[in-house]
Structure formats: structure tokens, C-alpha cells
Amino acid sequence: AEYKTEKKAELEQYAADKGQNNYSTANWTEIQGYVTSGKTAIDGAADKAAVDSALTAAKEDIDAVKTIAQEEAEELAAYKTEKKAELEKYAADKGQNNYSTANWTKLQGYVTSGKAAIDKAADKAAVDSALTAAKADIDAVKTIAQEEAEELAAYKTEKKAELEKYAADKGQNN
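Residues numbered from 1 in each chain as written. Predicted model: local features only at pLDDT ≥ 70, side-chain atom pairs only at ≥ 80, totals over all residues. Heavy atoms only, no water.

## Focus: helix α1 (residues 2–18)
Compared with an ideal rise of 1.5 Å per residue, which puts 17 residues at 24 Å, α1 spans 25 Å between its outermost C-alpha atoms and is within 8% of the ideal. All of the buried residues in α1 are K7, K8, L11 and A15. Down the axis of α1, the buried set is contained in an arc of 105°. They therefore lie on one face. Exposed residues lying more than 90 degrees from the buried face of α1 are E2 and D17. Packed against the buried residues of α1 are α2 (25–44) and α3 (48–64). Two residues or fewer past α1, G19 is found with a positive phi of approximately 85°. (Helix = DSSP H or I, 4+ residues; strand = E, 2+ residues; numbered from the N terminus. Expected span 1.5 Å × (residues − 1). Buried < 20%, exposed > 50% of the residue type's maximum accessible area, 1.4 Å probe, protein only. Arc of directions from axis to C-beta. Contact = heavy atoms within 4.5 Å.)

## Quick notes on the pattern of salt bridges
Counted by the stated rule, this structure contains 17 salt bridges. Taking the shortest distance from any N to any O, the salt bridge between E82 and K83 comes out at 3.9 Å. A salt bridge links K159 to E162, with the shortest nitrogen-to-oxygen separation between them at 3.3 Å. On the criterion of helical spacing, the pair formed by K159 and E162 is a turn pair, its members being three residues apart in helix α7 (residues 144–173). (Salt bridge = Lys/Arg side-chain N within 4 Å of Asp/Glu carboxyl O.)

## Examining the nonpolar core
Taken as a class, soluble globular proteins show a tendency for nonpolar side chains to be buried jointly. Of all hydrophobic cores here, the largest spans 16 residues; its most connected members are L87, L107, V111, I118, V127 and I138. Mapped by element, the contributors of at least two residues to this core are α4 (68–94), α5 (101–120) and α6 (124–140). Considering every element that reaches this core, the biggest residue donor is α6, with five residues. In this view, I118 contacts K80, K83, K84, L87, V127, A130 and L131; residues no more than four positions away in its chain are not counted. (Core = buried A, V, L, I, M, F, W, Y, C linked by side-chain atoms within 4.5 Å.)

## Thoughts on the side chain of K8
Looking at where K8 falls in the secondary structure, it is placed in helix α1. In this structure K8 comes out as buried when scored by relative accessible area, which is 18%. When sequence neighbours within four positions are dropped, the list of residues in contact with K8 reads K39, I42 and D43.

## Concerning the packing of α1 against α3
Their axes nearest at 10 Å, the elements α1 and α3 cross at an angle of 10°. Here α3 runs roughly parallel to α1, going by the angle between their axes. For the pair α1 and α3, contact is made by Y3, K4, K7, E10, L11, Y14, A15 and K18 and by K48, V51, D52, L55, A58, K59, I62 and D63, respectively. Taken together, the residues that form the contact of α1 with α3 break down as eight nonpolar, no polar and eight charged. (Axes fitted to C-alpha atoms, helices over the stretch in contact; angles between N-to-C directions. Parallel < 35°, antiparallel > 145°, perpendicular 65-115°, else oblique. Nonpolar A, V, L, I, M, F, W, Y, C, P; charged D, E, K, R; others polar.)

## Section: the packing of aromatic side chains
For the coordinates displayed, the defined rule picks out two aromatic pairs. Ring centres 5.8 Å apart and planes at 40° place the aromatic pair Y23 and W28 in the tilted group. With a relative accessible area of 11%, W28 lands in the buried category. Arranged with centres 5.7 Å apart and planes meeting at 45°, the rings of Y99 and W104 form a pair that is tilted. Judged by its relative accessible area of 7%, Y99 falls in the buried class. Over the ring of Y3 we find K48; its NZ or CZ atom is 4.8 Å from the centre of that ring. (Phe/Tyr/Trp six-rings, centres within 6.5 Å; stacked < 30°, edge-to-face > 60°. Lys NZ or Arg CZ within 6 Å of the ring centre and 35° of its normal.)

As C-alpha cells, then:
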């Protein structure tokens, strides 16, 4: 009976050492449930080996309960995965056929660097910031239509200047 009492106290201390503040209310309640069921198993054990087995099982159950930090880390990791997929879709929706090979390569580079920045982000706000920056970089890459429009505008400007020079030269010759 003394051995069982000692092991039940050890189990209670094990749980207490985990620190209630490190767990959500629900998870701390779960730990307390494992302490209670572990103590019941210890009380029902037929010998020291069974007591030790019950104690070990209860400790393993307690160890499996996630801390607040673990839950937050998992939540952030899931958020990062979601936002990286959003970035890939954002880029893919731009349509590779709308870009020159060089500009599509540049756009894909922004996807890669954006995903790397998301991976390095320490919190959701930093993830959002990295995503926004990557989307802005992607938006700045010119489509074939934009490049052609710029080339046409430059060509028109050049031809207007030639025409103005021609007219000015004609005016001076008369």
C-alpha cells in the first residue's frame, strides 16, 4: 500500500511539474483526468510491476497532451501551409501563357522567395505581410500584353517625335 501511495504522489507531482499555465483549460483538465485514471489503475494493480506499468502509462498519456506553445506552433504551421498554397494559386491564376518565358520565370522566383519568407515568419501577422509582399512582387511582373502595350506606346512616342522633327525641319526650309 505504501508503494502505491508513493507512486500516486509521484504521478500527481509529475503532472504538477508540467505547469498548469502551460496548458489550455481543456488540456489541463485532460491531464487531471489522466492523473485520476492513473491513480485508479495504480490502486487496482496486483503487484509492483503492475503499479509501475500503470504509472508509466499515465505519464505517457500526460506527455501526449499538447501545451499551449505546441498548439500555437501547430496552428501557425497550418496557417503557413494554407498561405503558401494561396500564393501558389495566386501565381497560377495569373496564367503562364500571359507571360513571356523570362517574366514567368521571374514570377515563379517571387513565389519561391515568398514561400521562404512565409516559412521564416514568426507569427500570423508576419505570414500575412510576407504573402502581401509576394503578391505585390508578382503583380509587378509585366504580362505579354503589358509589354506589348509599352512597346507600342514607346513606338508611337518615337514616331510622333520624328514627325514633329520632320515638320519643324520643313518649316525651317520654307
